[in-house]
Amino acid sequence: MKDSRPLSARGKSVKDDWRAWLPEDKAQVFREHVHELESSYVMFSVSLDEAIELRQMGQPGKSLQAVGITSGLCKLLTQALVGLLRALSEHAKHYGTIPNAAPLDPANFQGQRGQRSARMSGLLNRVLLSHRLQFLHKVSTLEEMVDDLGKDFRDAAGDLAAGISPNPKKT
């Protein structure tokens, strides 16, 4: 069934682009990627919630087993996200796509490294002349952040599973 709403070209803002209708084939690809990412996220978050709950219930052995599972699920999620960001970048490079891109907001990131990356991205967003380079840099920054966060989580989960405390008590 075809939708009678008009398809829009690049909008004046990121909000305009997000609200624009996609052709059915692109909408289907979008829905498939959303489903894949949501499925990976749900599996990861449920597993992590279970590990935390087991720890709170005084079952550290079972909690550590659950943490071991979360590491693999984290990898699935971050690999899917990095792959999607890489595909966006390659598409933009190959087809010369120039989408709207708002600068990263440091307030959306908790860690110092993420906030620093977002500030640097915002600074470069003002300096880079072309919208295309702004978009490519933003995607590259997000790709690096997701990859780093996934590695950090997997390292911490591996340390916990090996019995190494992530916050050793200072003596």
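Remember, predicted model here, so these are calculated numbers, not experimental data.

This part is about the pattern of salt bridges. As enumerated under the stated definition, the model contains five salt bridges in all. Put simply, E143 and R86 hold a salt bridge, and the shortest N to O gap is 2.8 Å. With E143 in helix α5 (residues 131-161) and R86 in helix α3 (residues 60-95), this residue pair connects regions lying 57 residues apart in the sequence. You can call R86 partly exposed: its relative accessible area is 44%. Where R113 meets D152, a salt bridge forms, and the shortest distance between an N and an O atom there is 2.1 Å. Of the two residues, R113 is situated in helix α4 (residues 112-127) and D152 in helix α5; the sequence distance between them amounts to 39 residues.

In the contact formed by α3 and α5, the axes pass within 9 Å of each other and the chain directions differ by 165°. Put simply, α3 runs roughly antiparallel to α5. Here the hand of the crossing between α3 and α5 comes out left-handed. Of the residues assigned to the contact of α3 with α5, the class counts are 17 nonpolar, five polar and seven charged.

This part covers the nonpolar core. Note that soluble globular proteins tend to have their nonpolar side chains buried in a common cluster. Counting residues in hydrophobic clusters, the biggest one holds seven residues: V82, L85, A92, F135, L136, V139 and V146. Secondary-structure elements contributing two or more residues to this core are α3 and α5. For this core, the element with the highest residue contribution is α5, accounting for four residues. Those residues in contact with V139 that sit more than four places away from it in its chain are L85 and S89. In this structure, A51, L54, V67 and A157 belong to the second largest nonpolar core, which totals five residues.

Rules and cut-offs
Residues numbered from 1 in each chain as written. Predicted model: local features only at pLDDT ≥ 70, side-chain atom pairs only at ≥ 80, totals over all residues. Heavy atoms only, no water. Salt bridge = Lys/Arg side-chain N within 4 Å of Asp/Glu carboxyl O. Helix = DSSP H or I, 4+ residues; strand = E, 2+ residues; numbered from the N terminus. Buried < 20%, exposed > 50% of the residue type's maximum accessible area, 1.4 Å probe, protein only. Axes fitted to C-alpha atoms, helices over the stretch in contact; angles between N-to-C directions. Parallel < 35°, antiparallel > 145°, perpendicular 65-115°, else oblique. Left-handed = near helix turned anticlockwise from the far one by under 90°. Nonpolar A, V, L, I, M, F, W, Y, C, P; charged D, E, K, R; others polar. Core = buried A, V, L, I, M, F, W, Y, C linked by side-chain atoms within 4.5 Å. Contact = heavy atoms within 4.5 Å.

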